[in-house]
Amino acid sequence: MNIDLHTHSNRSDGSLTPTELVTRAAAAGIEVLALTDHDTVAGLAEAQRCAAGHGMSLVPGVEISASWRAQAIHVLGLWIDPAAAPLLDALDSQAERRRDRMRTMCARLGKLGLPGAELLAVVEAHPGLPTRTHLADAMVAGGHVKRTDEAFRKYLGAGKRANVAAEWPPLDKVVGWIRAAGGVAALAHPARYTLSPGARRQLLADFVAAGGAALEVVTGGNGAQHVEAVATLAVKYGLMGSVGSDFHNPEHTWNPLGRSLKLPDCVTPVWRSYFKEATAP
Ligand code: AMP
Ligand code: MN
Ligand code: MN
Ligand code: MN
């Protein structure tokens, strides 16, 4: 089974429309695809329609920004009900938080001598919920940096001069929103957070205590060594395992859609109760 439970469309910081994403995923042989845009479910209806036409299974998802010990942590909500009113209310508040933060980041860029108002206008013209990716892209387009990674390195990355640490809601609250919408909460790309091994274990313990059910064991760009270490953590904390490319853009040739994302056998697949055939030997 070719499955990818973490992707983005242009409703957040992906470059493809939901239709283009699903079409590309189908062509790449993906049979089960989750669309997990940052803090929005706006792309799901379109993705669902397109997936039906391709005979593909579309998992309704979202990637919600949370905070834990002042760190931004991403929680995937999988198999959520995108019409659940409490979740939609919560995502509205996330959207407002993102728009406020974008205004503050652009104001900071203005103080650093960049055209903050112009950059804000470019970001606000985009159809997706604003992220730092949009701002980095606007900075590249305006010729202020050569590449997006330079924008993060010089201005937007954690601790850099135009970075605004968003006040994301606490982890347990975010897990609660996902569960209340009938979804399964999976902690995204656990190796990407800057945490000591002890803090990482505490994060997992707190995630489990909050009702988190899965860990993203295989994620785009991770080496095989990483996968085994994260799989061991999943087993230790009684978490199921998820796989997801975190695909954003076909120009990111190092992270294509449709690459086989194989979960180690020691971990229970998060999709097992949804797709029983996937676990057949
Ligand atoms: P935000 O949620 O607004 O803080 O933006 C985070 C998004 O920025 C992530 O989901 C990535 O897609 C992107 N991102 C974060 N760090 C980098 C980086 N160093 N280079 C390129 N993209 C990045
Ligand atoms: Mn992103
Ligand atoms: Mn993420
Ligand atoms: Mn992501």
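Residues numbered from 1 in each chain as written. Chains lettered and ligands numbered in written order. Predicted model: local features only at pLDDT ≥ 70, side-chain atom pairs only at ≥ 80, totals over all residues. Heavy atoms only, no water.

**Structural notes on the overall build of the protein**
Looking only at helices and strands, the protein features nine helices and seven strands. Oriented by its inertia axes, the alpha-carbon framework of the protein measures out at about 60 × 45 × 40 Å. Within the protein, the fraction of its 281 residues that count as buried is 53%. Taking the contacts inside the protein whose residues are at least 6 apart along the sequence as the reference set, 72% of them involve residues at least 24 apart. Surface summary for the protein: the accessible area is close to 12400 Å², and the carbon and sulfur share equals 52%. Within the protein, the 27 negative side-chain charges are centred at a point lying 7 Å from the centre of the 28 positive side-chain charges. (Helix = DSSP H or I, 4+ residues; strand = E, 2+ residues; numbered from the N terminus. Buried < 20%, exposed > 50% of the residue type's maximum accessible area, 1.4 Å probe, protein only. Contact = heavy atoms within 4.5 Å. Areas by Shrake-Rupley, 256 points an atom, 1.4 Å probe, with all protein chains shown as cover. Lys, Arg positive; Asp, Glu negative; His and termini not counted. Charge placed at Lys NZ, Arg CZ, Asp CG, Glu CD.)

**A few points about the coordination of the manganese ion (ligand 3)**
Each protein donor to the manganese ion (ligand 3) is listed here as Glu 63 (OE), His 74 (ND1) and His 189 (NE2); together their distances run 2.1 to 2.2 Å. Every donor residue of the manganese ion (ligand 3) comes from the same chain, spaced as E-x10-H-x114-H. Here the manganese ion (ligand 3) and the manganese ion (ligand 2) are spaced 5.6 Å apart. Residue Glu 63 is located in strand S3 (residues 57-68), and its partner His 74 is located in strand S4 (residues 71-78); the two are separated by 11 residues in the primary sequence. (Donors = N, O, S within 2.8 Å, 3.2 Å for Na, K, Ca; no water.)

**Section: the coordination of the manganese ion (ligand 2)**
At this site the manganese ion (ligand 2) is bound by Asp 13 (OD), His 38 (NE2) and His 248 (NE2), with donor distances of 2.2 Å. Considered as a linear motif, the donors of the manganese ion (ligand 2) on their single chain read D-x24-H-x209-H. Judged by its relative accessible area of 10%, Asp 13 falls in the buried class. The buried category is assigned to His 248, whose relative accessible area is 16%.

**Here we look at the packing of aromatic side chains**
Under the criterion given, the structure shown has one aromatic pair. Here the aromatic rings of Trp 79 and Tyr 274 are separated by 3.8 Å at their centres, their planes lie at 0 degrees, and the arrangement is stacked. Here Trp 79, found in the loop between S4 and helix H3 (85-111), pairs with Tyr 274, found in the segment after strand S7 (240-244); they are 195 residues apart in sequence, far enough to count as distant. Using a relative accessible area of 12% as the deciding quantity, one classes Trp 79 as buried. Residue classification places Tyr 274 among the partly exposed residues on the basis of a relative accessible area of 36%. (Phe/Tyr/Trp six-rings, centres within 6.5 Å; stacked < 30°, edge-to-face > 60°.)

**Regarding the site of ligand 1**
All residues in the neighbourhood of ligand 1 are listed as Asp 13, His 38, Arg 98, Arg 101, Thr 131, Arg 132, Thr 133, Phe 152 and His 248. At a separation of 3.0 Å, an oxygen atom of ligand 1 approaches a polar side-chain atom of Asp 13. Here an oxygen atom of ligand 1 and a side-chain polar atom of Arg 98 are 2.9 Å apart. Isolated, ligand 1 exposes 500 Å² of accessible area, and the fraction of that covered by the protein chains is 71%. Secondary-structure elements contributing two or more residues to the shell around ligand 1 are H3 and helix H5 (132-141). Classifying every residue of the shell around ligand 1 by side-chain character gives one nonpolar, four polar and four charged. (Near = heavy atom within 4 Å. Polar contact = N/O pair within 3.5 Å; in protein donor to acceptor, adjacent residues only side chain to side chain. Nonpolar A, V, L, I, M, F, W, Y, C, P; charged D, E, K, R; others polar.)

**A few points about helix H2 (residues 44-54)**
Residues that lie three or four places apart on an α-helix share one face, since the helix turns once every 3.6 residues. Every buried residue of H2 is listed here: Leu 44, Glu 46, Ala 47, Cys 50 and Ala 51. Viewed along the axis of H2, the buried residues span an arc of 155 degrees, placing them on a single side of the element. Exposed residues lying more than 90 degrees from the buried face of H2 are Arg 49, Ala 52 and Gly 53. Looking at the buried residues of H2, the elements they touch are helix H1 (18-27), strand S2 (32-35) and S3. (Arc of directions from axis to C-beta.)

**Let's talk about the sheet that holds S2**
Taken together, the seven strands give an open sheet; going across it, the order is S1-S2-S3-S4-S5-S6-S7, and neighbouring strands pair in mixed fashion. Because the sheet does not close on itself, it has two edges, and the strands there are strand S1 (3-4) and S7. As defined by bridge partners, S2 adjoins S3 across four bridges and the pair is classed as parallel. Looking across to S3, one finds that Leu 35 is bridged to Pro 60. The strands touched by helix H7 (residues 171-180) within the sheet are S3, S4 and strand S5 (184-187), with S3 carrying the most contacts at an inclination of about 160 degrees. (Pairing = 2+ DSSP bridges. Axes fitted to C-alpha atoms, helices over the stretch in contact; angles between N-to-C directions.)

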